[in-house]
Amino acid sequence: MCQVDEHYEEGLERAEVPSVSRKCVKCKEAEATVVIRAGDSFCRTCFREYFIHKFRAMLGKNRIIFPGEKVLLAVSGGPSSSSMLRQVQEGLSQNAHKKLRFCPGIIFIDEGGVVGQSVEQRRRTAGELLTVFRAAGFPVHMVPLEQVLDLPSSILASASLASKRTASSYKVAVDRFVRTDGGSSLTPQDQEVMLLPPVNQSQTQALQQLMMSATTLTARQELLNTLRLHLLVHTARSKGYNKVMLGDNGTRAAVKLVSSIALGRGAQLAQDTGFSDSRFGDIILVRPMRDYSAKEISYYNYLFSVPSVFIPALDTKTVDKSSIQHLTEIFITKLQADFPSTVSTVYRTSEKLQTVCRGPSTPEHTTRCLLCVCDLDTATEEASAFQATLTSEQLSVGPSGAARTETQRQDPVGLNQAAPPRQCCPSGGGAEDCGRAASGGGCCSSARLLVGSDLRSLLCYSCQLMVKDLASVESLPHYILSEAQRRQRRSQMRDEISDFLLGDDEG
Amino acid sequence: LTLIVCQNSHVYYIFDLSLCSGGAELLFNGVKEHHVTLPSHSEPWDIKQLLVWIQQNLLKERPELFVQGDSVRPGILVLINDADWELMGELDYKLQDQDNIVFISTLHGG
Ligand SMILES: [Zn+2]
Ligand SMILES: [Zn+2]
């Protein structure tokens, strides 16, 4: 039998390797260690170079992050985002011309409360991560997910002025940066560390209640993603960051692409999975890890000792069919095992997707989804699949199907077709009174009806599906409900006014 | 022959047929080590047999999350002495003394 070579620690050469052995495709000398794509096997040294280079190349190619800009790294403690943190550290320690030139900070959102971790477990995880973060030397913001309950409604109103920076201004910024600063150390002298504040038990319970109100795991996962994103963007804004880096890798992007289609998020695919995402206007979300497969990341983390912590997710240890997202992951992973180009093929598709540019004259946020803040995809022509779905749903529910078809219930003869389905009191007390009362929460049925049809009109198709799976919409955080009521009042007011200005737009 | 399983939650499993020397320092916080003995065999162990043995002796809960069919579940990486098992003959690789075998789950949430 073969013997293990003495130089094994170097990880490069072994005198005899049992069974198949291949040389590294790059240096053609050292023994290959990692197969990253069919046929491409790298040695340890070349794999490291390839990995580090790819990160810088990704940022260089896209030119979205400007020199000197504050960038918030969203680190969950999982393999991908931990690897991302390491890449930023590597990038900042490179010599001048290869050096990354932005100012990173770290945010960790502690979701322990919704995945059933005890206070003690959460504290331990946070402590372990803090050690890693402190070593990086960047500002650290540790935030419990519970804080999402206290967000201001303004988070849902996207800032209208998107960054107008272009490729040429990027060049100018780089030049200026090189002149004034010479790329000298950006590492802050005093590391700002915001520790995890103690979490109120009742807050955790409120959050758990909200999560449990989602009757399916599919909806629960979507809800969690939505809340997490709101909290991320809010923290970025309040701490003065312009960009947020997310750790989504290529495998995740592929899974997300396929599951998003299944979830009815086709119109938002480009934003959900692309390299950059500007749905929040002033805060750009960036996904620099999407060029790496989950396998590459796991290998890198293992071989180069990137610490990560195990944090259970909502779908940890669940059965394959527990949710659409989980089933998609299993499906893609199985396919990938047999056809190693599956993930890259799927995720390259997502690169080709483009967001349709909204006209500059589009009226502000009323056209954005209340929850995911993407453009509403529900204003479609009559022949669309969406309308067909609505029609068939209405037909199958039938006139007696109460809750979902307010219009039909209130107006079975169809006398008042033009009236919006947001009338508050079936008793006909007058839309005006009811609108006023709703602001104070006084109307008998206002909340309930807001829940039913009115909330739907503020949501994109996919978020409508998610909300449909919530047992009670009242458990949604206050910032969402109050923003919903605000938008509703506005559109109600617009409707009232339009009665007096009859013919104004039509004429 | 000593088989040492280092388990980081359920993300890492390390099998080191000598002592958990090199492997341990690569592991991170929350590592659990199980010291078990791999029964002697007339033939040298291969990975396929090792998987069966792990399934029967180490996995108490939901073995299908680790083994499917006679191989590992898709999405679980196998490293043999820090090298991709695809380069080492996968299931047919014959275990040797001092071998270091690592299983890493790439699936979301382990
Ligand atoms: Zn090489
Ligand atoms: Zn939406």
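Residues numbered from 1 in each chain as written. Chains lettered and ligands numbered in written order. Predicted model: local features only at pLDDT ≥ 70, side-chain atom pairs only at ≥ 80, totals over all residues. Heavy atoms only, no water.

Named according to an unreviewed UniProt entry, chain B is Ubiquitin-related modifier 1 originating from Echeneis naucrates. UniProt's Subcellular location (unreviewed entry) comment on chain B is quoted here verbatim: "Cytoplasm". Recorded under Sequence similarities (unreviewed entry), the UniProt text for chain B is reproduced unchanged: "Belongs to the URM1 family." (UniProt positions renumbered as here; feature names shortened; annotations may be inferred.)

Identification of chain A as Cytoplasmic tRNA 2-thiolation protein 2 from Echeneis naucrates is taken from an unreviewed UniProt entry. The UniProt entry for chain A carries the following text under Function (unreviewed entry): "Plays a central role in 2-thiolation of mcm(5)S(2)U at tRNA wobble positions of tRNA(Lys), tRNA(Glu) and tRNA(Gln). May act by forming a heterodimer with CTU1/ATPBD3 that ligates sulfur from thiocarboxylated URM1 onto the uridine of tRNAs at wobble position."

Engineer: Just give me the short version of the packing of aromatic side chains, but keep the residues and values in it.
Structural biologist: Any pair of aromatic rings gets described here by the distance separating the centres and the angle formed by the planes. Residues and elements named next belong to chain A. For the coordinates displayed, the defined rule picks out eight aromatic pairs over all chains. On the numbers, 5.0 Å between centres and 80° between planes, the contact of Phe-42 with Tyr-50 is edge-to-face. Judged by its relative accessible area of 7%, Phe-42 is buried. Summarising the aromatic geometry, the rings of Phe-51 and Tyr-292 are spaced 4.2 Å apart at their centres and angled 35° between planes, so their arrangement reads as tilted. With a gap of 241 residues between them, Phe-51 in helix H1 (residues 44–62) and Tyr-292 in the loop between strand E9 (283–286) and helix H9 (294–303) connect regions that are remote in the sequence. Look at Phe-51 and you get buried, because its relative accessible area is 0%. Here a set of aromatic residues connected by ring pairs shows up, and it is made of Phe-42, Phe-47, Tyr-50, Phe-51, Tyr-292, Tyr-300 and Phe-304. (Phe/Tyr/Trp six-rings, centres within 6.5 Å; stacked < 30°, edge-to-face > 60°. Buried < 20%, exposed > 50% of the residue type's maximum accessible area, 1.4 Å probe, protein only. Helix = DSSP H or I, 4+ residues; strand = E, 2+ residues; numbered from the N terminus.)

Engineer: Would you mind going over helix H11 (residues 342–352) of chain A in detail, with residue names and values included?
Structural biologist: Residue and element names in this part refer to chain A. Taken together, the buried positions of H11 are Thr-342, Val-343, Val-346, Tyr-347 and Ser-350. End-on view of H11: buried residues confined to an arc of 105°, all on one side of the axis. Along its buried surface, H11 packs onto helix H7 (250–262), helix H8 (269–273) and helix H10 (324–338). (Arc of directions from axis to C-beta. Contact = heavy atoms within 4.5 Å.)

Engineer: Please give an account of the nonpolar core that cites residues and values.
Structural biologist: All names here are of chain A. Counting 53 residues, the largest nonpolar core has Leu-227, Val-244, Leu-455 and Leu-476 as its most contacted members. No other element matches the 10 residues that helix H6 (residues 217–238) contributes to this core. Of all hydrophobic cores here, the second largest spans 49 residues; its members include Leu-73, Val-88, Leu-130 and Val-309. (Core = buried A, V, L, I, M, F, W, Y, C linked by side-chain atoms within 4.5 Å.)

Engineer: An account of the coordination of the zinc ion (ligand 1) is requested, with residue identities and associated values reported.
Structural biologist: The textbook angles at a metal center are 109.5 degrees for a tetrahedron of four donors and 90 or 180 degrees for an octahedron of six. All names here are of chain A. Surrounding the zinc ion (ligand 1) are the protein donor atoms Cys-24 (SG), Cys-27 (SG), Cys-43 (SG) and Cys-46 (SG), at 2.3 to 2.4 Å. What the four donor atoms of the zinc ion (ligand 1) show is an angle range of 99 to 116° at the metal, which sorts the shape as tetrahedral. Coordination of the zinc ion (ligand 1) draws on donor residues from a single chain, spaced C-x2-C-x15-C-x2-C in sequence. Taken together, the positions of Cys-24 in the segment before strand E1 (34–37) and Cys-43 in the loop between strand E2 (40–42) and H1 put the pair 19 residues apart, joining distant regions of the chain. (Donors = N, O, S within 2.8 Å, 3.2 Å for Na, K, Ca; no water. Tetrahedral: all angles 85-135°; square planar, octahedral: opposite > 155°, others 65-115°.)

Engineer: Pulling in residues and values, what's your account of the pattern of salt bridges?
Structural biologist: Residues and elements named next belong to chain A. Taken as a whole, this structure holds 23 salt bridges over all chains when the rule is applied. Of the charged contacts in the structure, one is a salt bridge between Arg-122 and Glu-146, with a shortest N-O distance of 3.0 Å. Here Arg-122 is found in helix H3 (residues 119–136), whereas its partner Glu-146 is found in the loop between strand E5 (140–144) and helix H4 (167–181), with 24 residues between them in sequence. Taking relative accessible area as the criterion, Arg-122 reaches 7% and is therefore assigned buried. Each of the salt bridges in this network shares a partner with another, and the network as a whole consists of Asp-248, Lys-256, Arg-265, Asp-272, Asp-277, Arg-279 and Arg-287. (Salt bridge = Lys/Arg side-chain N within 4 Å of Asp/Glu carboxyl O.)

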